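Examining the three-dimensional arrangement
The lines below spell out each chain.
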Amino acid sequence: MSPADEAKREIPADERIEMLRTMRRIREFESVVQNKFADAEIPGFLHLYIGQEAIATGVCHALEEKDYLTSTHRGHGHCIARGLDTDRMAAELYGKETGYCNGKGGSMHIADVEAGMLGANGIVAGGIPIATGAALSAKMRDTDEVAVSFFGDGALSEGAFHESFNQAAIWELPLIGVIENNQYGEMTGLDEQHPPSTLDDLTIYGEPYGVHRERIDGMDVEEVYRTAMEAVERARNGGGPTLIECVAYRFEGHHEGDSQFYRPEGELDEWKQRDPLLTYPEKLVDEGVITEAEYVDMEEGIETEIQEAIEFARESPLPDPEQAYEGLYAEGGEGA
Amino acid sequence: MSTATSGTEEMAVRDVINQALGEEMERDERVYIQGIDVNGRGGTSNILKGLDERFGDERVRNTPISEVSIVGSALGAAATGMRPVVEIMYCGFLGVAGDQLLNQVAKMRYMFGGKLDLPLTIRTKNVMGANAAAQHSQALHHWLAAIPGLKVVCTSTPADTKGLLKAAVRSNDPVMVFEHGGVYNRKGEVPTEDYVYEIGEAAVERPGEDVTVVATQNQLWNAFEAADRVDDVSVEVVSPRTISPLDTETIAESARKTGRCVVVDDTPLSYGTQSQFATTIYENAFFDLDFPVQRIGVNDVPTPFSPSLEDEVIPDTDDIADAIRKLA
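As a starting point, this report considers the structure included with it. A quick note: this is a predicted structure, and the numbers were derived from the prediction, not measured. (Residues numbered from 1 in each chain as written. Chains lettered and ligands numbered in written order. Predicted model: local features only at pLDDT ≥ 70, side-chain atom pairs only at ≥ 80, totals over all residues. Heavy atoms only, no water.)

Our focus in this paragraph is the interface of chain B and chain A. In many reports, interface size means the accessible area that the parts give up when they come together. If you look at the interface, chain B gives 49 residues, while chain A gives 43 residues. Carbon and sulfur atoms supply 59% of the area that chain B and chain A bury against each other, a total of about 3,700 Å² over both sides. It is Thr80(B), Tyr110(B) and Phe112(B) in chain B that bury the most area against chain A; as a group they hold 18% of the surface buried on that side. Seen at the junction of chain B and chain A, the total is 0 salt bridges. Our enumeration of links across chain B and chain A arrives at 18 residue pairs in polar contact (both at pLDDT 80 or more). Every element with two or more residues in the side of chain B that touches chain A is listed here: β2 (31–35), α2 (51–59), β3 (60–62), α3 (67–78), α4 (98–105), α5 (108–111) and α7 (158–170) of chain B. Looking at which element gives the most residues to the side of chain B that touches chain A, the answer is α3(B), with 9 residues. Of the residues belonging to the side of chain B that touches chain A, the class tally is 18 nonpolar, 18 polar and 13 charged. (Contact = heavy atoms within 4.5 Å. Buried area = accessible area lost by both parts, 1.4 Å probe. Salt bridge = Lys/Arg side-chain N within 4 Å of Asp/Glu carboxyl O. Polar contact = N/O pair within 3.5 Å; in protein donor to acceptor, adjacent residues only side chain to side chain. Helix = DSSP H or I, 4+ residues; strand = E, 2+ residues; numbered from the N terminus. Nonpolar A, V, L, I, M, F, W, Y, C, P; charged D, E, K, R; others polar.)

If you want it as structure tokens, here you go:
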């Protein structure tokens, strides 16, 4: 690598601190709602992102406000990394009127379309065609916006992935697919979901479509960030789609309440050595980017933020039952 | 319809579709078409012929044979500033796009708290009587109408094709437009002015006093013929035009007047639209009815290939005329 390229890859200190902050906010939000779910304060299902924070963070920090993303059932991390407010997210988890979806979506469907967040999605691979359409729209409207779709390793077995990447490749769309390889599709390991020839590099599924492919360490937020920056720059400049595999690990079960019978002994502990919320603060302190005291302050501020978000959710009203009949169709409009 | 000051011209349904889409694409540059063979061939029924030359390859966009992606990418485009018009060649192919229709298109707005517009039109066609066998010959508007969040219209005449298709394209909600292969070449007078028919409004196509016939698409034309044939009975023919949301009042008002109703559609008798039409009548006109509602439809089999078999299962003018006579 030339010195020029090396310099280009240097991440400014304030960006590094912000990435640390984003990861810490995701972890805190997830840990707190995990407890509130266990206390039966939060209804429904809960799929936690703990362990995968570096992926959403690295990718979303490479985006601009004008860009789009689609997420998955495990979507809280993408929402926070995108800049959504944790109080309205918490309110949505609690089924409250003040939530992002006014209590109609819940944990698996948080969206903020105005912020380019086109929704978490309860269907595996369900968001990929939608992101493809956002990328198409960006191109047809003659903008340099890009669309990112986050999805798990399990989504590679769905037709929606293949149809979308085929179409995006033919049309050279500014689409970035982020495979979050967390080693499990629900409760079944990778080796039962994909043939041996793919396991060393799941981006092989993008090979026939001729898209750019990168396989990276999904526990390393800076590697994710750099890779995403390159993909975004390429997409903005008409270079077409990219498929990135982020190799990571899901520290919690598929959903809360999952007994995790399928995990080999020691596997979780081994991966926890590489927990980005352990390694990255250490790295930034070691390199003098942030002091330990500053990090403690940051953590305390985040704990307060999330506690306030939970209080906001608790104190917000439940939707009036009549609201069940609102919001299905657009009001007015010609012929509507 | 807003006004009726201009003249009319005789047109075939297929030409109306082409004209209406062309006008909407001229009116709003966000409107574009995507689907299989839409560019070049002009869609599987050649209806879009010439739009590619007028509007270019970007706006008349050939897709791979990928119904999931065709529908899903149109949804994503609709959510981010475009107004896509999708063509799904045959309604049976909607099944391939299943999740995108059922869980994404229909639910996105509601599930997100009603906070985004989804100006998405999905055109497809019911086909019956083409000897194409069960996968290419069926009517499925009842299937989609059973999913809250999708508006569903059935076009039948040249005039309603123009009004409903334009309304769909201008709507800020997803609208499924079911055309019917059996009426593409039907001709009729079409107002030359620009107009839309309100989605959710039925129409009394032919006023009468003795028997109401509620009919869609090809069966609407059969109902006209049946009404002509039983000239000793005054038949009122009602076209629902929109299947969801259904205009219950127009149907009920006719039922209250005549007290005798026939409902006919190409969907299966069990769980088909006939049941919804009949229930509407029972709930809103029960004490004005002289007879039970007569349901006519496909008797719960897939559409068979051989002409002798297919003719047996598809409702026709005789079936409607017989039902009218039974009630009159």
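All names here are of chain B. Evaluated as defined, the whole model comprises 0 disulfides over all chains. Not engaged in a disulfide, the cysteine Cys91 finds its nearest cysteine sulfur in Cys154; these two sulfurs lie 9.8 Å apart. The buried category is assigned to Cys154, whose relative accessible area is 2%. (Disulfide = S-S within 2.5 Å. Buried < 20%, exposed > 50% of the residue type's maximum accessible area, 1.4 Å probe, protein only.)

What follows deals with the sheet that holds strand β6 (residues 212–217) of chain A. All names here are of chain A. Read from one edge to the other, the open sheet built from 5 strands follows the order β1-β2-β3-β7-β6, with strand pairing classed as parallel. Both outer strands of the open sheet, β1 (68–70) and β6, are each paired with one neighbouring strand and no more. Neighbour to neighbour, the strand axes of the sheet diverge by 20° on average, direction disregarded. With 6 bridges connecting them, β6 and strand β7 (residues 242–247) associate as parallel partners. Across the sheet, the residue bridging to Arg215 is Glu245, located in β7. (Pairing = 2+ DSSP bridges. Axes fitted to C-alpha atoms, helices over the stretch in contact; angles between N-to-C directions.)

What follows deals with a negative patch on the surface. Residues and elements named next belong to chain A. A surface patch of like charges, here negative, comprises Glu97, Asp320, Glu322, Glu326 and Glu331. When you line up the elements, Glu326 lands in the segment after α11 (292–315). Note on Glu326: relative accessible area 45%, which makes it partly exposed. (Patch = residues over 30% accessible without salt bridge, like charges linked within 9 Å, V, L, I, M, F, W, Y side chains within 5 Å. Areas by Shrake-Rupley, 256 points an atom, 1.4 Å probe, with all protein chains shown as cover. Lys, Arg positive; Asp, Glu negative; His and termini not counted. Charge placed at Lys NZ, Arg CZ, Asp CG, Glu CD.)

Right, let's talk about the environment of Gly98(B) for a bit. Residue and element names in this part refer to chain B. Relative to the helices and strands, Gly98 is located in helix α4. Overall, Gly98 belongs to the partly exposed group, its relative accessible area being 25%. The sequence separation of Gly98 and Val68 amounts to 30 residues, and the corresponding C-alpha distance is 7.4 Å.

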